[in-house]
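Notes for the structure review
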Amino acid sequence: MPRVPKWMANAMESLFSGSYHPVQITAVSYLADHLKKVRFEGDFSKLSKPFIPGNVIEFRVTDTEFRHYTPSFFDMEKGVCEVLFYLHGKGPGSVWAERIRVGDTTKLLGPGGKIRFDGQATRHLCFGDETSLGLLKCLYDEALKRNHQCQCIAELDPTHAEWPGLLELKCINMEKDGFTGDREVIDKIGPDLQDTAFYLTGNAKSIQILRKYLTEKGVAGKQIHTEPYWSEGKPGL
Ligand SMILES: Cc1cc2nc3c(=O)[nH]c(=O)nc-3n(C[C@H](O)[C@H](O)[C@H](O)COP(=O)(O)OP(=O)(O)OC[C@H]3O[C@@H](n4cnc5c(N)ncnc54)[C@H](O)[C@@H]3O)c2cc1C
């Protein structure tokens, strides 16, 4: 529900108040000009579902609009959640994320969403772009914790090539070319694709191409977890 009338957004907030978790912004840092890391703290003891790495949360970014984000770190017991915001400046979510400061309060919705760390797999391949760096970081850290293999691939603007390094994320960078000439990057991961969970996020168009490519290589549908984060010309997925 990216956009709803203000009266409905207000009604939802009071009717489902148990799903809106008050949080305070306790730390903010700009890892780069357009990459902002924000720490939210609150009481997460009453979340309806436990957070699983890969899950998303939602914020009401204006009176009428909601936007999804993926925590890079989440600790239910300590009540801490961190998000990496890509400040592309093209919509209300980005403007809201640019404005938030230490001491501000807001409400966090979730966690939920389609993607969750697949504990059955021992190898993980995480794909995304600037908007997915939080997800990549979260899945990567979870895989390391479990002694699993994890390969991240990010299609990034060349001016953002150093961003994964800022997060201590081992990552293969690709240019944003929709895989027209760079498909072999997937092959670098190795021939053993059967035991691998694939998490495809970011630009809807790239996900579509990559999913088709993996399917053609014999990867089973159940191994492929997809969640588009944005689509050209479409506000608020
Ligand atoms: C499940 C989910 C999880 C997400 N997690 C994160 C996250 O952790 N961090 C994060 O920064 N973002 C994340 N996003 C993406 C974020 O919600 C989008 O960037 C969203 O579009 C931002 O909202 P907006 O209001 O700024 O722009 P919108 O109003 O949604 O879009 C305005 C315009 O900007 C374009 N646009 C949106 N994103 C991009 C982009 N990346 N590059 C170029 N053009 C773009 C759209 O196509 C549209 O034309 C997530 C999205 C989803 C669906």
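All values derive from a computational prediction rather than experimental measurement. (Residues numbered from 1 in each chain as written. Predicted model: local features only at pLDDT ≥ 70, side-chain atom pairs only at ≥ 80, totals over all residues.)

**Points about the overall build of the protein chain**
Condition: Secondary structure elements follow DSSP: runs of H or I of four or more residues count as helices, runs of E of two or more count as strands, with numbering from the N terminus. A radius of gyration in this sense is built from C-alpha atoms; the matching globule rule multiplies 2.2 Å by the number of residues raised to 0.38. By definition, residues are in contact whenever their C-beta atoms, placed on the basis of the backbone, come within 7 Å of each other.
Within the protein chain one finds six helices and twelve strands. In terms of overall size, the protein chain behaves like a compact globule, its C-alpha atoms giving a radius of gyration of 18 Å where 237 residues would be expected to give roughly 18 Å. Counting contacts in the protein chain only where the partners sit at least 6 residues apart, residues at least 24 apart contribute 68% of the total.

**Considering the site of the ligand**
To keep things clear, this is the line we draw: As a rule, any residue with its backbone-derived C-beta atom within 6 Å of a molecule or strand is reported as near that molecule or strand. As a working rule, the residues Ala, Val, Leu, Ile, Met, Phe, Trp, Tyr, Cys and Pro are called nonpolar, Asp, Glu, Lys and Arg charged, and the rest polar, with Gly in that last group. Each domain span listed reflects an automatic or database assignment of domains.
If you check the shell around the ligand, you find 29 residues, and the closest are Lys-90, Gly-91, Gly-93, Ser-94 and Pro-235. If you list the elements that add at least two residues to the shell around the ligand, you get strand E4 (66-69), strand E6 (80-86), helix H2 (92-99) and strand E12 (224-230). Per-element accounting of the shell around the ligand gives the leading share, four residues, to E6. Here the residues of the shell around the ligand are counted per class, giving eleven nonpolar, twelve polar and six charged. Each of two domains, domain 1 (6-112) and domain 2 (123-230), supplies a minimum of three residues to the shell around the ligand.

**Concerning the pairing of strand E3 (residues 56-60)**
As a reminder, the rule being used: Partly exposed residues are those whose C-beta has more than 12 but fewer than 20 other C-beta atoms within 10 Å; 20 or more makes a residue buried and 12 or fewer makes it exposed, with C-beta atoms placed from the backbone. Only strands that DSSP links by at least two bridges are regarded as paired with each other.
Taking burial as the measure, the five residues of E3 include five buried ones, the bulk of the element. Of the two faces of E3, both are covered, the one formed by Val-56, Glu-58 and Arg-60 as well as the one formed by Ile-57 and Phe-59. The pairing of E3 with strand E7 (residues 105-112) spans three bridges and is antiparallel. Residue pairing in the sheet places Phe-59 in a bridge with Leu-108 of E7. With antiparallel pairing between neighbouring strands as the criterion, E3 and E4 make up a hairpin whose turn holds five residues.

**Remarks on the domain arrangement of the protein chain**
Segmenting the protein chain into domains produces domain 1 (6-112) and domain 2 (123-230). Inter-centroid distance (C-alpha atoms) of domain 1 to domain 2 is 24 Å. Between domain 1 and domain 2, the contact holds twelve residues from the first and twelve residues from the second. Residues that form the side of domain 1 that touches domain 2 fall into these classes: nine nonpolar, three polar and no charged.

**Observations concerning unusual backbone geometry**
With omega at 5°, the peptide bond leading from Gly-110 into Pro-111 counts as cis. As for its placement among the helices and strands, Pro-111 is situated in strand E7. A positive phi angle is found at Asn-147, which is not glycine, with a value near 65°. Mapping Asn-147 onto the fold places it in the loop between helix H3 (133-145) and strand E9 (149-155). Phi is positive for Glu-168, which is not a glycine, with a value near 55°. Examined against the element boundaries, Glu-168 turns out to sit in the loop between helix H4 (163-166) and strand E10 (171-174).

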